[in-house]
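# Results of the structural survey
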Amino acid sequence: MSDDSTFHVEQTKNSVAEKVQLSHCPICNNTKFKSKFSVLDHFYSHEEFHIAECNGCGFLCTNPRPANSILPSYYNSDAYVSHSGSKKGLLNRIYHQVQTFNFRIKYRSIPLDVPHGTWADYGAGNGGFLRYLKGKGKDVIGFEPEEDARKNAANQGMDLSPVSDFGHKNKSYSCITMWHVLEHIPDVNEVLDKLVSHLTPGGILAIAVPNYESFDAKWYREYWAAFDVPRHIWHFSEKHIIRLCQKHQIEFQYKKPMPFDSFYVSILSEGYQNKFKPKGIILGALSNLYARFSDYPYSSQIYIFKKPI
Ligand SMILES: [Zn+2]
């Protein structure tokens, strides 16, 4: 306990000086925000962060947030399972089994009339989805900002490039996927501009993000694991993800549920309250039932956008 407290104080001291305020809303350009509620970084630093709402369009943002230079330090944990590929522990083992089902859900979310060409995964983690796509005979390329994740991917037979290499040689892609990536990216409009400019006409941009209007988010409130501050800078509803992407000359086509995410997020959220983690399975199922039979969105959803021909 004393070690944790020391860590917390030191981290807080460091980060107060290195936090940055959002100058304007990336969706509507409004410059005014009001603080809505506080969320702890339950996963790593145990620091407190504020979630603010844009006065113009209601978009929720982690504000202030760590400066870009120190943001990577909040990912330094073996437990960040999507990048480490770790298979230790029951939760991680379940996660990796479910991942295979999730790959199929992601693949089937892409429309059949996607143009022929290369598929790019932006924020490819350990390259798992690209390996799945290769198995389907697709020509693939992956981009990942974290060096450790790239090494991990290389060890599993998938060479990834740094995200700074995206768009080199004016290469265009028929499909670009971002699975739980957009909510992490500080310069979200610049990146979307870049991605769309390298999409072939008729090409598909598929984006998966959590949704704070889901039943599990409403149930767990500040303990909802998919707030994941400060790694998640942006917190999306359906309206906000669609509005943001439509600023970039791509057209919204449809959405698809990611029904396994509610279980994973709910189990983590129970753990953050020191409660009985398996109860999260019940909440995850309830969240999916509410999404299926009422107006609640799913905990996470895939949004499909098309670049006009
Ligand atoms: Zn706004």
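Check the entry above for the structure.
No experiment lies behind these values; they were computed from the predicted model shown.

### What to know about the overall build of the protein chain
Looking only at helices and strands, the protein chain has 10 helices and 12 strands in total. Against the globule reference of 19 Å for 309 residues, the protein chain gives a C-alpha radius of gyration of 19 Å, in line with a compact fold. In the protein chain, which comprises 309 residues, the proportion classed as buried is 40%. Partitioning the contacts of the protein chain with sequence separation of at least 6, the portion at a separation of at least 24 is 71%.

### Examining the sheet that holds strand β6 (residues 119–122)
What the 6 strands build is an open sheet, ordered β7-β6-β8-β9-β12-β11; its pairing is mixed. The open sheet has two edge strands with one neighbour each: β7 (140–143) and β11 (251–257). Taking each pair of neighbouring strands and ignoring which way they run, the sheet shows an average axis angle of 20 degrees. Bridge count between β6 and β7: 4 bridges; the pairing is parallel. Counted as the bridge partner of D121 is G142 from β7. Against the sheet, helix α4 (residues 128–135) contacts β6, β7 and β8 (173–179), and its axis sits at roughly 175 degrees relative to β7. The sheet strands contacting helix α6 (residues 188–197) are β6, β8 and β9 (199–210), and the helix crosses β9 at an angle near 145 degrees.

### A short note on the environment of H168
Relative to the elements of secondary structure, H168 occurs in the loop between α5 (147–155) and β8. Take H168: there are 9 C-beta atoms within 10 Å of it, and that puts it in the exposed class.

### Re the sheet that holds strand β4 (residues 60–62)
What the 4 strands build is an open sheet, ordered β2-β3-β4-β10; its pairing is antiparallel. Only two strands of the sheet have a single neighbouring strand rather than two, namely β2 (33–40) and β10 (234–235). Examined bridge by bridge, strand β3 (residues 48–54) and β4 share 3 bridges and lie antiparallel to one another. For E53, the partnering residue across the bridge sits in β4 and is L60.

### Comments concerning the nonpolar core
Counting residues in hydrophobic clusters, the biggest one holds 71 residues, and the most contacted among them are I176, L205 and I207. Examining the composition of this core, we find that 7 residues originate from one element, β9, more than from any other. Aside from chain neighbours lying at most four places away, what touches I207 is M178, L182, I241, C245 and Y303.

### Remarks on unusual backbone geometry
With an omega of 0 degrees, the peptide bond between N63 and P64 qualifies as cis. The residue P64 is located in the loop between β4 and β5 (65–66) in this model. That bond from V229 to P230 is cis: its omega, -5 degrees, falls within 30 degrees of zero. Although it is not a glycine, D228 adopts a positive phi angle of roughly 40 degrees. Structurally, D228 can be placed in the loop between α7 (215–220) and β10. Residue class for D228 comes out buried when judged on the 23 C-beta atoms lying within 10 Å of it.

Criteria and thresholds
Residues numbered from 1 in each chain as written. Predicted model: local features only at pLDDT ≥ 70, side-chain atom pairs only at ≥ 80, totals over all residues. Helix = DSSP H or I, 4+ residues; strand = E, 2+ residues; numbered from the N terminus. Rg over C-alpha atoms; globule rule 2.2 N^0.38 Å. Buried ≥ 20, exposed ≤ 12 C-beta atoms within 10 Å, placed from the backbone. Contact = placed C-beta atoms within 7 Å. Pairing = 2+ DSSP bridges. Axes fitted to C-alpha atoms, helices over the stretch in contact; angles between N-to-C directions. Core = buried A, V, L, I, M, F, W, Y, C linked by C-beta atoms within 7 Å.

Spatial relationships are all this shows, so hold off on functional conclusions.
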